[in-house]
Amino acid sequence: MNQFVMLALSGALLLTGCDKPPVQPGAPAWTAEGKTMGTFYRVTVADAPPEALVGLKEQISQLLEQDNHELSTYQSDSSLSLFNQYTGTDPQRIPTGMADIISTALRIGVKTEGAMDITVGPLVNLWGFGPDKQPVKFPDQQHIDAARQLVGLRHLKLSEDIQGQWLQKDLPGLYVDLSTLGEGYATDHVASLLEKRGVNRYLVSVGGAVISRGLSAAGQPWRVAIQRPTDKEAAAQAIVDLQGHGISTSGSYRNYYELEGKRLSHIIDPATGRPIEHKLVSATVIATTAMEADGWDTGLMVLGTERAKALALREGLAVYLISKTADGFTTWMSPQFKAFLVSQSDASAS
Ligand code: FAD
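Source: prediction; values computed, not measured.

Of regular secondary structure, the chain possesses 9 helices and 20 strands. Here the chain, with 350 residues, has 55% of them falling under the buried criterion. The contacts in the chain between residues at least 6 apart in sequence include a share of 61% that link residues at least 24 apart. For the chain, the accessible area works out to roughly 14,900 Å², and carbon and sulfur atoms hold 51% of it.

Below, the discussion takes up the environment of Gly198. In this structure, Gly198 sits in the loop between helix H6 (179-196) and strand E8 (202-206). Classification of Gly198 by relative accessible area gives partly exposed; the value is 41%. In this structure the C-alpha to C-alpha distance between Gly198 and Leu53, which are 145 residues apart in sequence, comes to 9.7 Å.

Note on sheets: strands pair through backbone hydrogen bonds, and any given pair is parallel or antiparallel. Reading across from one edge, E5-E7-E6 is the order of the 3 strands in this open sheet, with antiparallel pairing throughout. A strand with exactly one partner marks an edge of an open sheet, and here the two such strands are strand E5 (92-94) and strand E6 (156-161). Adjacent strand axes in the sheet meet at a mean angle of 35°, parallel and antiparallel pairs treated alike. Pairing of E5 with strand E7 (residues 164-169) involves 3 bridges; the strand directions are antiparallel. Note on E7: the bridge partner recorded for Arg93 is Trp166. Those strands touched by helix H3 (residues 96-111) are E5, E6 and E7, and its axis lies near 130° from that of E6.

Attention now goes to the nonpolar core. Within the largest apolar cluster, 42 residues are counted, with the highest numbers of intra-cluster contacts made by Ile102, Ile118 and Leu178. When neighbours within four sequence positions are excluded, Ile102 is seen to be in contact with Ile94, Ile118, Leu158, Leu167 and Leu178. Counting 24 residues, the second largest nonpolar core, distinct from the first, contains Val43, Ala186, Leu193 and Tyr202.

Our next topic: the site of the ligand. The immediate surroundings of the ligand are formed by 28 residues, with Met37, Ala115, Asp177, Ser250 and Ile268 found nearest. Note that an oxygen atom of the ligand is positioned 3.3 Å from one of the side-chain N or O atoms of Thr180. A distance of 2.9 Å separates an oxygen atom of the ligand from a polar side-chain atom of Glu183. Taking 960 Å² as the accessible area of the ligand by itself, protein coverage stands at 91%. Broken down by secondary-structure element, the contributors of at least two residues to the shell around the ligand are helix H1 (56-71), H6 and helix H7 (290-303). A total of 4 residues in the shell around the ligand trace back to one element, the largest contributor, which is H6. When its residues are assigned to classes, the shell around the ligand shows 13 nonpolar, 11 polar and 4 charged.

Another aspect to go through is the packing of H3 against H7. At a closest axis distance of 10 Å, the pairing of H3 and H7 adopts a crossing angle of 40°. Relative to H7, the element H3 is oriented oblique. In the packing of H3 onto H7, the handedness of the crossing is right-handed. Judged by residue contacts, Asp100, Ile101, Thr104, Arg107, Ile108 and Lys111 of H3 engage Met291, Glu292, Gly295 and Trp296 from H7. When grouped by side-chain class, the residues that make up the contact of H3 with H7 number 4 nonpolar, 2 polar and 4 charged.

Taken as a whole, helix H8 (residues 305-315) has its buried residues at Thr305, Ala308, Leu311 and Ala312. Projected down its long axis, H8 shows its buried positions confined to an angular sector of 130°, all on one face. H8 presents Glu306, Leu313 and Arg314 as exposed residues on the side facing more than 90 degrees away from its buried surface. Close packing links the buried residues of H8 with H3, strand E17 (280-287), H7, strand E18 (318-325) and strand E19 (328-333). Just beyond H8, the residue with positive phi is Gly316, at close to 65°.

On to the pairing of E19, then. Consecutive side chains of a regular strand alternate in pointing toward one face of the sheet and then the other. The sheet contact formed by E18 and E19 spans 6 bridges and is antiparallel. Bridge pairing links Tyr320 to Met333 in E19. Joining the antiparallel neighbours E18 and E19 is a turn of 2 residues.

Glancing now at the confidence of the model for the chain. In this model, the chain carries an average pLDDT of 89, and 88% of its residues clear a pLDDT of 70 or more. Every residue in residues 1-11 is under pLDDT 50, and counting partners more than four places away or in other chains gives 58 contacts.

Our focus in this paragraph is the pattern of salt bridges. As enumerated under the stated definition, the model contains 6 salt bridges in all. Taking the shortest distance from any N to any O, the salt bridge between Arg213 and Glu195 comes out at 2.2 Å. Within this pair, whereas Arg213 is found in strand E9 (residues 209-213), its partner Glu195 is found in helix H6, the two being separated by 18 residues in sequence. Relative accessible area serves as the criterion here: at 35%, Arg213 is assigned to the partly exposed category.

Right, let's get into the packing of H3 against H6. One can describe the packing of H3 onto H6 by two numbers: an axis separation of 10 Å at closest approach and a directional angle of 125°. Overall, the two elements H3 and H6 adopt an arrangement that is oblique. Once H3 is placed against H6, the crossing between them reads as right-handed. Between H3 and H6, the residues in contact are Gly97, Ile101, Thr104 and Ala105 and Leu181, Gly182 and Tyr185, respectively. In terms of residue class, the contact of H3 with H6 is built from 4 nonpolar, 3 polar and no charged.

What counts, and where the lines are drawn
Residues numbered from 1 in each chain as written. Predicted model: local features only at pLDDT ≥ 70, side-chain atom pairs only at ≥ 80, totals over all residues. Heavy atoms only, no water. Helix = DSSP H or I, 4+ residues; strand = E, 2+ residues; numbered from the N terminus. Buried < 20%, exposed > 50% of the residue type's maximum accessible area, 1.4 Å probe, protein only. Contact = heavy atoms within 4.5 Å. Areas by Shrake-Rupley, 256 points an atom, 1.4 Å probe, with all protein chains shown as cover. Pairing = 2+ DSSP bridges. Axes fitted to C-alpha atoms, helices over the stretch in contact; angles between N-to-C directions. Core = buried A, V, L, I, M, F, W, Y, C linked by side-chain atoms within 4.5 Å. Near = heavy atom within 4 Å. Polar contact = N/O pair within 3.5 Å; in protein donor to acceptor, adjacent residues only side chain to side chain. Nonpolar A, V, L, I, M, F, W, Y, C, P; charged D, E, K, R; others polar. Parallel < 35°, antiparallel > 145°, perpendicular 65-115°, else oblique. Left-handed = near helix turned anticlockwise from the far one by under 90°. Arc of directions from axis to C-beta. pLDDT = per-residue confidence, 0-100. Salt bridge = Lys/Arg side-chain N within 4 Å of Asp/Glu carboxyl O.

Structural data, given as structure tokens:
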């Protein structure tokens, strides 16, 4: 799980992986928080007309419940699970929101040359990071190869007609996992609900995805801290001012388990069928939406430091990478990211 904790650290929201909801600085007019999608959400409104807040908490809960019921692989009767359980190859009608997220996922999937691939579900489950239990021993190559046969964006087709949106698979065993973009999608969805109610100064986070608009209650830009990649402490590596954008961090240092003495990350390289093992430990992306940021960060993690840098430069993405070195960490940011940076720790900056 990748969640948030707010530290009283330069007054910034810290992107981290501790199992606590964030606490936010200043004296917000209104906050709501709770559990959703196996993680936490938090909504902070800095200022709003009182009528805009009436029944807001209930509406946010309902919206997140609805997103969960569409996108979860952990709920056997969600729209996504029904598609995954279907073993035919006819197009299946899917909700509009699910079509939006799949459309974004397919686009980013192609741009990352399949590093981010939402059909990776059979491998995620094989390695014990989905709804299935963790394996007690390493999956053997035969099982990895069999799961890899079911993976590939070319097996998935999204279409639209006057009746609605349709999703089609050409392999009966194809299994779609939207965990990597779901939190970003839900973050944007809550933000759009706030906008519709006339709220335009807010910070929303669902798990590892955040979006903000306007100024905080203290009249300052909303600041978000990128966590130093360690599971031992909660400390900021860099602080950014989102300027109304979405941000998401994907890291290999929090969601992992140890098997036969080896640390296994929840991010799977579809090319090898195995958890990633390289030196890139955290990738943060700032984009116009939280969902967009949430899709790219996982793809960059799979690619590793050098290929992630090349992709960020090629696509003009705002990216901050943290890589392991022999004696600590080194960081890299794309030119687009610099526009958002408020400060970063000198200790590990390159
Ligand atoms: P990210 O880096 O954003 O995504 C990593 C995740 O994406 C992996 O865990 C895996 O699922 C998938 N993935 C791995 N490799 C790739 C790849 N190469 N390409 C694409 N995807 C990849 N968790 C629970 O424990 N219980 C729940 O009930 C639960 N419900 C959920 C409901 C929904 C709708 C969603 C979206 C998620 C749910 N989760 C649940 C999952 C969890 O909360 C996180 O979303 C998940 O752990 C990944 O989020 P992240 O930000 O940590 O990692």
